[in-house]
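Coordinate analysis (summary)
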Amino acid sequence: MLMVGKTMINSELYNNYLQALLQGNRMECTKIVKDLLDRDVTIYDLYLDLFQTSLYEVGYLWETNRISVATEHMATSITESLLSLAYPKIFSAQHVGKKAVVSCLVNEYHQIGGKMVADIFEINGWDGYFLGANTPVQDLLGIVRNKQPEIVALSMSLFFNIDYLHNILQQLESELPGQQVIVGGQAFRWGGTDIQDQYSNVKYISSIKELEKMLHEYE
Ligand code: B12
């Protein structure tokens, strides 16, 4: 059992939610999330203590053969739809005229973390353009040329995609010199955090809370 932090999301609420999620009970999951939003839960608590914690647990249950791939897919799809319940809160910030393009790498199908990152830009008043999973490099570069964002944020969940990350960073460096890039995601648990030493405009950011701190300091 994973630990849940000391937030509005106590272990009873978390366990009820997890059970509903594993049973595919969309109505109950929606009710729990709506209630939390009505009680003004922070986006960070909702994303980290409910959505992320439960999906990590789903991953563990799947990895240890306690749930099927179908159950994992069902829980993932429910979570993706629940994210939109927080839109009114996410889009309520006053915009500050800054932009970020957020994307997953080629061969990276895990897109919920990246979507959350785009939401963190929005809640901090930035335009967060989210390109989703498995984005081809040339298409990513095309959007970056078009939007001219202050920051490009790349999400990586699988460490074996590290070569794709180097490939994209090299292309960004040669085709769009000076472009600020941040990288993050659970793949960095396996290494690669020193990537920022190899490129002049790349920074590793360890979590969405660190990202928020960075945005507060951003000039
Ligand atoms: C759902 C899921 C899938 C879905 C994804 C669908 C979708 N729409 O996203 C599908 C079915 C496609 C999938 C496929 C696979 N998966 Co999968 N999957 C998961 C699962 C259960 C949840 C992922 C998730 O959404 N997590 C919740 C989000 C919120 O967490 P997060 O991604 O870490 O993001 C947070 C932070 O990392 C951070 N962050 C993320 N990106 C960035 C970027 C920046 C810039 C910053 C600042 C922060 C940041 O912010 C987020 C919020 O805090 C995980 C379990 C897990 N531990 O996550 C396994 C997991 C990631 N998968 C795993 C595996 C092995 C696979 C497959 C290889 C399985 C297979 N044999 O086919 C394939 C690979 C496909 C591919 N090429 O990408 C393993 C990876 C193990 C490892 N050692 O790397 C995991 C950990 C499961 C496990 N326990 O074994 N998977």
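What you are looking at is a predicted structure, and each value in this text was computed from that prediction instead of being measured.

1. Focus on the domain arrangement of the protein chain
Segmentation of the protein chain into domains returns domain 1 (11-89) and domain 2 (93-217). For domain 1 and domain 2, the distance between their C-alpha centroids amounts to 25 Å. Counting residues at the interface gives seven residues for domain 1 and seven residues for domain 2. Elements with a contribution of two residues or more to the side of domain 1 that touches domain 2: helix H3 (43-63) and helix H4 (69-83). In terms of residue count, the dominant contributor to the side of domain 1 that touches domain 2 is H3 (four residues).

2. Regarding the site of the ligand
The environment of the ligand is made up of 37 residues, and the closest members are Gly59, Gly113, Ser155, Gly184 and Gly185. Contributing elements (two or more residues each) for the shell around the ligand: H3, H4, helix H6 (112-123), strand E3 (151-155), strand E4 (180-184) and helix H9 (208-217). Among the elements that take part in the shell around the ligand, H3 stands out by supplying ten residues, more than any other. The two domains that each donate at least three residues to the shell around the ligand are domain 1 (11-89) and domain 2 (93-217).

3. Regarding the packing of helix H1 (residues 11-23) against helix H2 (residues 26-38)
Two elements in contact, H1 and H2, have axes separated by 8 Å at closest approach and are oriented at 150°. With respect to their mutual orientation, H1 and H2 come out roughly antiparallel. Pair H1 / H2 crosses with left-handed handedness. Taking contact as the criterion, the partners of Leu13, Asn16, Tyr17, Ala20 and Leu21 in H1 are, on H2, Glu28, Cys29 and Ile32. Considered class by class, the residues forming the contact of H1 with H2 number six nonpolar, one polar and one charged.

4. Some thoughts on the nonpolar core
Core analysis: the largest hydrophobic core is formed by 52 residues, its most contacted members being Val102 and Leu154. By residue number, the principal contributor to this core is H6, which donates six residues. Ignoring any residue separated from it by four or fewer positions in sequence, one finds Val102 in contact with Gly114, Val117, Ala118, Phe121, Gly128, Tyr129, Phe130, Leu131 and Ala153.

Criteria and cut-off values
- Residues numbered from 1 in each chain as written.
- Predicted model: local features only at pLDDT ≥ 70, side-chain atom pairs only at ≥ 80, totals over all residues.
- Domains from an automatic or database assignment.
- Contact = placed C-beta atoms within 7 Å.
- Helix = DSSP H or I, 4+ residues; strand = E, 2+ residues; numbered from the N terminus.
- Near = placed C-beta within 6 Å.
- Axes fitted to C-alpha atoms, helices over the stretch in contact; angles between N-to-C directions.
- Parallel < 35°, antiparallel > 145°, perpendicular 65-115°, else oblique.
- Left-handed = near helix turned anticlockwise from the far one by under 90°.
- Nonpolar A, V, L, I, M, F, W, Y, C, P; charged D, E, K, R; others polar.
- Core = buried A, V, L, I, M, F, W, Y, C linked by C-beta atoms within 7 Å.
- Buried ≥ 20, exposed ≤ 12 C-beta atoms within 10 Å, placed from the backbone.

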